[in-house]
Amino acid sequence: MTSRRVSRLLVALLTAASATFGATVASPSAASADASIAATVCYNTSQAGSFAGIANQAATIWNNATVNLTLSNCGSNLRIYQITGGGSYAVRTSLGNGRVYIDTQQAAQYSPLRIMTHEIGHILGLPDNYNGNCALLMSGGSAGTGCTNPYPSTAEANRVSNLFAGTRIGADTGSQVFNDSWPVATVKVG
């Protein structure tokens, strides 16, 4: 294990233990004495229904792609919900904080893991990039239903790493709703 992964594991374990006992853990910033410790975004899958496991997979993808950041299923910076109808979307209230809504109808058409990783990307500070390029996670549904790539590009991952370098979770980025990245599910009539 690399020292970065050991640091992430220790932060995740301490955060999970603290959450279990009701303690609050300050999210360390890169400006702290030990810059190898990542900021922790605690997510909650209690309302994610069948998408809870997919949320955990998406967190692992982001954890492996970035530095300065660890996503851990330990709290409520990021709440993940399963919904039916209306489309998948994210509401970022501040950097690392918000809500992700995954639509079961869209997840039947598009890769659920790509949708989840994309929507979490918004909470981590990334905008949509509707260019149809499947290699870019933030191209969302514009890449078509055949695109199953759940991985951020190097540029996307570096952008998130840079956003969390020296920034505390909850830095004011303004509240923003990200919707319309996944075309509305088609309903066959007849």
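Residues numbered from 1 in each chain as written. Predicted model: local features only at pLDDT ≥ 70, side-chain atom pairs only at ≥ 80, totals over all residues. Heavy atoms only, no water.

Examining unusual backbone geometry
The phi angle of most residues is negative, glycine excepted, and most peptide bonds adopt the trans form.
Part 1 of the argument: Located in the positive-phi region is N68, a residue other than glycine, with phi close to 70°.
Part 2 of the argument: N68 gets classed as buried once you look at its relative accessible area, which sits at 19%. (Buried < 20%, exposed > 50% of the residue type's maximum accessible area, 1.4 Å probe, protein only.)

Digging into the packing of aromatic side chains
Part 1 of the argument: Under the criterion given, the structure shown has two aromatic pairs.
Part 2 of the argument: Ring geometry for Y81 and Y101: centres 5.1 Å apart, planes at 15°, overall stacked. Taken together, the residues Y81 in strand β3 (residues 78–83) and Y101 in strand β5 (residues 97–103) connect sequence positions 20 residues apart.
Part 3 of the argument: Among the residues examined, Y81 registers a relative accessible area of 22% and is labelled partly exposed.
Part 4 of the argument: Overall, the relative accessible area of 14% leaves Y101 in the buried class.
Part 5 of the argument: Their ring planes at 20° and their centres at 4.5 Å tell us that Y89 and Y101 sit as a pair that is stacked. Of this pair, Y89 sits in strand β4 (residues 89–94) while Y101 is found in strand β5, placing the two residues 12 residues apart along the sequence.
Part 6 of the argument: By relative accessible area, Y89 is classed as partly exposed at 24%.
Part 7 of the argument: What links up through ring pairs into an aromatic cluster is the set Y81, Y89 and Y101. (Phe/Tyr/Trp six-rings, centres within 6.5 Å; stacked < 30°, edge-to-face > 60°. Helix = DSSP H or I, 4+ residues; strand = E, 2+ residues; numbered from the N terminus.)

Observations regarding the side chain of T45
Part 1 of the argument: Topologically, T45 is positioned in strand β1 (residues 39–47).
Part 2 of the argument: Excluding anything up to four places from it in sequence, T45 contacts A52, A55, N56, N73 and I80. (Contact = heavy atoms within 4.5 Å.)

A closer look at the confidence of the model for the protein
Part 1 of the argument: In this model, the protein carries a mean pLDDT of 80, and residues with pLDDT of at least 70 account for 68%.
Part 2 of the argument: Low pLDDT, under 50, characterises residues 8–35; the stretch is placed with 35 contacts to residues that sit more than four places away or in other chains.
Part 3 of the argument: Segment residues 184–190 is flagged for pLDDT under 50; beyond a separation of four residues in sequence, or across chains, it makes six contacts in the model. (pLDDT = per-residue confidence, 0-100.)

Overview of the nonpolar core
Part 1 of the argument: L71, M116 and I120 are the most contacted members of the largest nonpolar core, which totals 34 residues.
Part 2 of the argument: Contributing elements (two or more residues each) for this core: β1, α2 (52–65), β2 (69–72), β3, β5, α4 (112–123) and α5 (154–164).
Part 3 of the argument: Broken down by element, this core gets its largest block of residues, seven residues, from α2.
Part 4 of the argument: Setting aside chain neighbours within four positions, we find M116 in contact with F51, I54, A55, A58, I80, V100 and I102. (Core = buried A, V, L, I, M, F, W, Y, C linked by side-chain atoms within 4.5 Å.)

Some words on the pairing of β5
Part 1 of the argument: The buried count for β5 comes to six of seven residues, which makes it a mostly enclosed element.
Part 2 of the argument: As paired strands, β3 and β5 are joined by six bridges and run parallel to one another. Bridging from a neighbouring strand, I80 pairs with V100 of β5.
Part 3 of the argument: The sheet contact formed by β4 and β5 spans five bridges and is antiparallel. By the bridge assignment for β5, V91 is matched with R99.
Part 4 of the argument: Between the antiparallel neighbours β4 and β5 lie two residues, among them G96 with a positive phi of about 85°. (Pairing = 2+ DSSP bridges.)

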